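Letter by letter, the chains look like this.
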Amino acid sequence: MSSGDVVIDLGAAEPWRAPDAPPPARRRWRVRWVAAVVLGLVAGLLPGAAAPGVPSLLHVEIGVQRVVMGGGRMFVTRYTGEGPHRLETYDTGSGRWLWGADFGDGQQQVAGGDASVVLIDTAFAGRALAFTQVQARDARTGAELWQRAAASVDGLAGGVVLLQDLTSFRQVDVDGGAPPTGLENRIVAVDARTGEQVWELVAPRGSQISFERDAGKQAYAVRSMAVLDPGGALRVHDLRTGAVVRTIQLAWSGNVGMFVLGDRRDLPQPAGARGGQVAVSASGGLRYQVYDLTSGRLVWQIDAEQSAWIFGCAPGWWCTGGNQGMTGYDAATGAAVWRSEGGEATLGADGGRLVLGGVGADGLAVPGVRIVDTGTGATTRRLERWRPVFGFGDRLTVFWREEGRPATVVEQLEARTGRVTVLGRTETGEGEPMCDNDARSVACVIAGDLTLWRAPQTRGGGVAS
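Just so you know, these numbers come straight off a predicted model, no measurement behind them.

J.: Hey, could you run me through the packing of aromatic side chains in this one?
T.: Where two aromatic rings form a pair, the distance of their centres and the angle of their planes describe that pair. Tallied over the full model, the rule gives 2 aromatic pairs. Aromatic pair Trp-309 and Phe-311: ring centres 6.4 Å apart, planes at 25 degrees, arrangement stacked. Residue Trp-309 is classed as partly exposed on the basis of its relative accessible area, which comes to 44%. Of the residues examined, Phe-311 reaches a relative accessible area of 11% and is grouped as buried.

Printed below as a string of structure tokens:
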């Protein structure tokens, strides 16, 4: 892009602002919202210049703490300062308000939701973990469906909610130090609508449980669950019934510290399929061992630094990341092919490209996003002034701050091409965006303000560089 490229102003339409306290259903006034402008022209975007004003579907000011999308709905946790925390629900395609409800005592957050239910985790400050609870509400009406004490949400999969049972933590006080080791690891699956128990699993002592998240969906969407025991037996379970659908005997023995079957950026094979790999480390150990999921044999192993963790960063590649940088390993051989110095986090991967974002010592985003070739580690594109957005959903988002203006521009980044498309602009110049998205729209919370924009492919165009 050259400095001679043109910036097109899409107009400065006034977004609709939600009321602090939506009216009762019988007197609900017609919500006004602004449809995004359909624009077929594409122009360049230069950081530091005024960004186009993409009209928003919805803007909620003050007190927004968290946003979670699912089932075409946007679930918003909000604190107005005049009463208890609230859960407000909107349609993601239009920004239309659907329903709201006051939370009770304790600290609540939305743990996940779909078109049927929304799940709320609650923790009571200064109490034992056993006094946490999970509440389910009807996603269409907001009516309470069920509650379960001494539990927290691990995931949601096709009408089944996976809960971590915390009754064995009954004597452990959150403020009194770390929980003792060796406590029972128990998973309870319940019907999402009724809360009735469907199945349960108690992992043997020294075992660990790993969830494989569903690619391209929200962080709480689970695709598979597996248990690795000290004898090396890796069992994959059906999420609907709890039945074991596959057993792989690994050449492993000892208490398991962690194991990774993969997440949305990992090897292409799911845990229940033939092929694929699993990375394992012993309890308290710094050595990662990678096993073949067909034969169970050890393929390769590495010694990692104290702060490093291992994850599948792209198809056919494992990465370790830590305070000293990131290293990419060929999944077939374990050869360290490339290394990145300094603090960076993985944002996503596609088409042999890996997107890395700058992270400061305090864990906050810093300017510097780059795209690297996963085969060589070479940087194919660098965005010097963009910062990564650490959020949910399957879109890679970045942001930058306008010079001399209290404004933030949020954009979508394509890993394969390096193309950047404007999602929206807010008049907030401080705080980091926390974003989520679905197929229809993108929502970001910045310094307590929430803005919802149409996704680029649903508004007929965008502005790109």
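Let's pick the thread back up.
J.: Honestly, the sheet that holds strand S36 (residues 449–454) in this entry has me stumped. Any pointers?
T.: Sheet strands pair via backbone hydrogen bonds, and the direction of the pair is either parallel or antiparallel. Read from one edge of the open sheet, 4 strands run S1-S36-S35-S34, paired in antiparallel fashion. With one partner strand each, in any of the chains shown, strand S1 (58–60) and strand S34 (434–437) form the two edges of the open sheet. Adjacent strand axes in the sheet meet at a mean angle of 15 degrees, parallel and antiparallel pairs treated alike. Relative to strand S35 (residues 441–446), S34 runs antiparallel, the two sharing 4 bridges. Bridging across to S35, Asp-436 finds its partner in Ala-443.

J.: Any chance you could explain the side chain of Asp-165 here in plain terms?
T.: If you trace the backbone, Asp-165 turns up in strand S11 (residues 160–165). Of the residues examined, Asp-165 reaches a relative accessible area of 5% and is grouped as buried. Polar contacts involving the side chain of Asp-165 include one to the side chain of Arg-186, which spans 2.8 Å.

J.: Explanation requested: the pairing of strand S16 (residues 233–237) in the structure shown.
T.: The side chains of a regular strand alternate, first on one face of the sheet and then on the other. The buried fraction of S16 is high, at 4 of 5 residues. Pairing between strand S15 (residues 222–228) and S16: 4 bridges, direction antiparallel. Bridged to Val-227 within S16 is Arg-235. Counting the residues between successive antiparallel strands, the hairpin from S15 to S16 contains 4 residues, one of them, Gly-232, with a positive phi of roughly 90 degrees. Taken together, S16 and the strand that follows it, strand S17 (residues 244–249), pair antiparallel across an intervening segment of 6 residues, in which Gly-242 is found at a positive phi of about 85 degrees.

J.: What is the right way to look at the state of the cysteines in this model?
T.: Tallied over the full model, the rule gives 1 disulfide. Disulfide pairing places Cys-435 opposite Cys-444 at an S-S distance of 2.0 Å. Its S-S torsion of about 105 degrees marks the bond between Cys-435 and Cys-444 as right-handed, since a negative value means left-handed. Note on accessibility: Cys-435 and Cys-444 belong to one class, buried.

J.: Could you clarify how one ought to interpret the environment of Pro-367 in this entry?
T.: As for its position among the elements, Pro-367 is in strand S28 (residues 365–373). Overall, Pro-367 belongs to the partly exposed group, its relative accessible area being 47%. Put simply, Pro-367 and Glu-384 are 17 residues apart on the chain and 6.2 Å apart in space, counted from C-alpha to C-alpha.

J.: Would you mind showing me how to read the sheet that holds strand S10 (residues 151–157) here?
T.: Reading across the sheet, the 4 strands line up as S10-S11-S12-S13 and stay open at both edges, with antiparallel pairing between neighbours. This sheet does not close on itself; its edge strands, each paired only once, are S10 and strand S13 (197–203). Each adjacent strand pair in this sheet contributes to an overall mean axis angle of 25 degrees, direction not counted. Here 6 bridges tie S10 to S11, and the two strands are oriented antiparallel to one another. Considered in S11, the bridge of Ser-152 is made with Gln-164.

J.: Would you mind going over the pattern of salt bridges with me for this structure?
T.: Close approach of charged atoms lets side chains of opposite charge pair. Tallied over the full model, the rule gives 16 salt bridges. A salt bridge links Arg-370 to Glu-344; its shortest N-O distance comes to 2.8 Å. One end of the pair, Arg-370, is in strand S28; the other, Glu-344, is in strand S26 (residues 344–350), and 26 residues separate them in sequence. You'll find Arg-370 and Glu-344 in the same group, each marked buried. It is possible to trace a salt-bridge network through shared partners that takes in Arg-78, Arg-86, Glu-88 and Asp-102.

J.: So what exactly am I meant to see when it comes to the confidence of the model for the protein chain here?
T.: Mean pLDDT over the protein chain stands at 77; residues scoring 70 or higher make up 75%. Least confident of the elements in the protein chain is S26, whose mean pLDDT is 79; most confident is S13, at 95. Confidence drops under pLDDT 50 across residues 1–51; counting only partners more than four residues distant or on other chains, this segment forms 107 contacts. Throughout residues 263–274 the model reports pLDDT below 50, and contacts reaching past four residues in sequence, or to other chains, amount to 43 contacts.

Definitions and limits used
Residues numbered from 1 in each chain as written. Predicted model: local features only at pLDDT ≥ 70, side-chain atom pairs only at ≥ 80, totals over all residues. Heavy atoms only, no water. Phe/Tyr/Trp six-rings, centres within 6.5 Å; stacked < 30°, edge-to-face > 60°. Buried < 20%, exposed > 50% of the residue type's maximum accessible area, 1.4 Å probe, protein only. Pairing = 2+ DSSP bridges. Helix = DSSP H or I, 4+ residues; strand = E, 2+ residues; numbered from the N terminus. Axes fitted to C-alpha atoms, helices over the stretch in contact; angles between N-to-C directions. Polar contact = N/O pair within 3.5 Å; in protein donor to acceptor, adjacent residues only side chain to side chain. Disulfide = S-S within 2.5 Å. Salt bridge = Lys/Arg side-chain N within 4 Å of Asp/Glu carboxyl O. pLDDT = per-residue confidence, 0-100. Contact = heavy atoms within 4.5 Å.

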